[in-house]
Amino acid sequence: AQKVTQAQTEISVVEKEDVTLDCVYETRDTTYYLFWYKQPPSGELVFLIRRNSFDEQNEISGRYSWNFQKSTSSFNFTITASQVVDSAVYFCALRGAYNQGGKLIFGQGTELSVKP
Amino acid sequence: SAVISQKPSRDICQRGTSLTIQCQVDSQVTMMFWYRQQPGQSLTLIATANQGSEATYESGFVIDKFPISRPNLTFSTLTVSNMSPEDSSIYLCSVAAANYGYTFGSGTRLTVV
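Parameters at a glance
Residues numbered from 1 in each chain as written. Chains lettered and ligands numbered in written order. Predicted model: local features only at pLDDT ≥ 70, side-chain atom pairs only at ≥ 80, totals over all residues. Heavy atoms only, no water. Disulfide = S-S within 2.5 Å. Helix = DSSP H or I, 4+ residues; strand = E, 2+ residues; numbered from the N terminus. Buried < 20%, exposed > 50% of the residue type's maximum accessible area, 1.4 Å probe, protein only. Phe/Tyr/Trp six-rings, centres within 6.5 Å; stacked < 30°, edge-to-face > 60°. Pairing = 2+ DSSP bridges. Axes fitted to C-alpha atoms, helices over the stretch in contact; angles between N-to-C directions. Salt bridge = Lys/Arg side-chain N within 4 Å of Asp/Glu carboxyl O.

### Looking at the state of the cysteines
If you walk through the whole model with that rule in mind, you get two disulfides over all chains. Shown here is the disulfide that connects C23 of chain A with C92 of chain A, its sulfur atoms set 2.0 Å apart. Taking the sign of the torsion about the S-S bond as the criterion, the disulfide between C23 of chain A and C92 of chain A, at about -65°, is left-handed. Taken together, the positions of C23 of chain A in the loop between β3 (19-21) and β4 (24-26) and C92 of chain A in strand β10 (residues 88-96) put the pair 69 residues apart, joining distant regions of the chain. Here C23 of chain A falls in the buried class, since its relative accessible area comes to 0%. Between the sulfur atoms of C23 of chain B and its disulfide mate C93 of chain B the distance is 1.8 Å. Residues C23 of chain B and C93 of chain B share a disulfide whose torsion about the S-S bond is about -90°; that sign makes it left-handed.

### Let's talk about the packing of aromatic side chains
Summed over the entire model, instances satisfying the criterion amount to 20 aromatic pairs over all chains. A ring pair is formed by F91 of chain A and F106 of chain A, whose centres lie 6.1 Å apart and whose planes are at 90°; its orientation type is edge-to-face. With F91 of chain A in strand β10 and F106 of chain A in strand β11 (residues 105-106), this residue pair connects regions lying 15 residues apart in the sequence. Like F106 of chain A, F91 of chain A is buried. Through a chain of ring-to-ring contacts, three or more aromatic side chains come together here, namely F35, Y37, F47, F91 and F106 of chain A together with F33, Y35, Y102 and F104 of chain B.

### A look at the pairing of strand β5 (residues 32-39) of chain A
All names here are of chain A. Across the eight residues that make up β5, a large majority, eight, are buried. The alternating pattern of β5 places Y32, L34, W36 and K38 and Y33, F35, Y37 and Q39 on opposite faces, both of which are buried. The pairing of β5 with strand β6 (residues 46-52) spans six bridges and is classified as antiparallel. Bridge assignment links K38 to a residue of β6, and that residue is V46.

### Some thoughts on the sheet that holds strand β7 (residues 68-72) of chain B
Residues and elements named next belong to chain B. Pairing within the open sheet is antiparallel, and its four strands lie in the order β1-β3-β8-β7. Two strands in the sheet have a free side with no partner beyond their single neighbour: β1 (4-7) and β7. Strand after strand, the sheet turns through a mean of 15° between neighbouring axes, direction not considered. Relative to strand β8 (residues 75-80), β7 is paired through three bridges, and the arrangement is antiparallel. Among the inter-strand pairings, N72 is bridged to a residue of β8, identified as F75.

### Structural notes on the pattern of salt bridges
In total, this model carries five salt bridges over all chains according to the counting rule given. Of the charged contacts in the structure, one is a salt bridge between R51 of chain A and E59 of chain A, with a shortest N-O distance of 2.7 Å. Given a relative accessible area of 6%, R51 of chain A falls into the buried group. Accessibility expressed as a relative area gives 31% for E59 of chain A, which makes it partly exposed. Residues K103 of chain A and E58 of chain B are paired through a salt bridge, measuring 2.5 Å at the closest nitrogen-oxygen approach. Of this pair, K103 of chain A sits in the loop between β10 and β11 while E58 of chain B sits in the loop between β6 (56-57) and β7, each in a different chain. Through salt bridges with shared partners, one network takes in R51, D55 and E59 of chain A.

So, in structure tokens, the structure goes:
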């Protein structure tokens, strides 16, 4: 079975603080893909990153960085110097290479509130 | 990557009625996915729609309640039938993009009163 766990339901920080959103996944597939999406109050899903299971290199994109560790089945997301515009719900998701027709399994989401 | 136009963006409907949600993709795609997001919850897959075959429904979702059409490789509809307040959710369509990515529609925010 595949599962994604985002243990942090809500996080509140003050602007300019760094914040890390945790994601732990379970899968028996040896090849799989992990994703992070942002959902602002307007409701659309904004793609942030996709990571393949065979690429453990961490990635940085501006204020965003991702730490992928297969040994602990984690794919954590850090926002550096947070801004009010970062306030949103963030979802981590998993897809196995050959699973169930390609559907995404989503975590429960972490609601991030960045206060000025 | 593909661009999806999803309509309507929001609607308020009376219980007992039905609403059809449309997704138009700007390129041909094999699989389209329909998700439901209940208030404050995560996304749950309703069904996978392939062109030329019946949609495949996930556990807990049935065709009579959520009929899906997929007449061609760029278009799909999801109907929410005989609605009740419990159907109030955001409904999103999605397509598999290149390199195992996914593109989502902008969502339909449904309120049933």
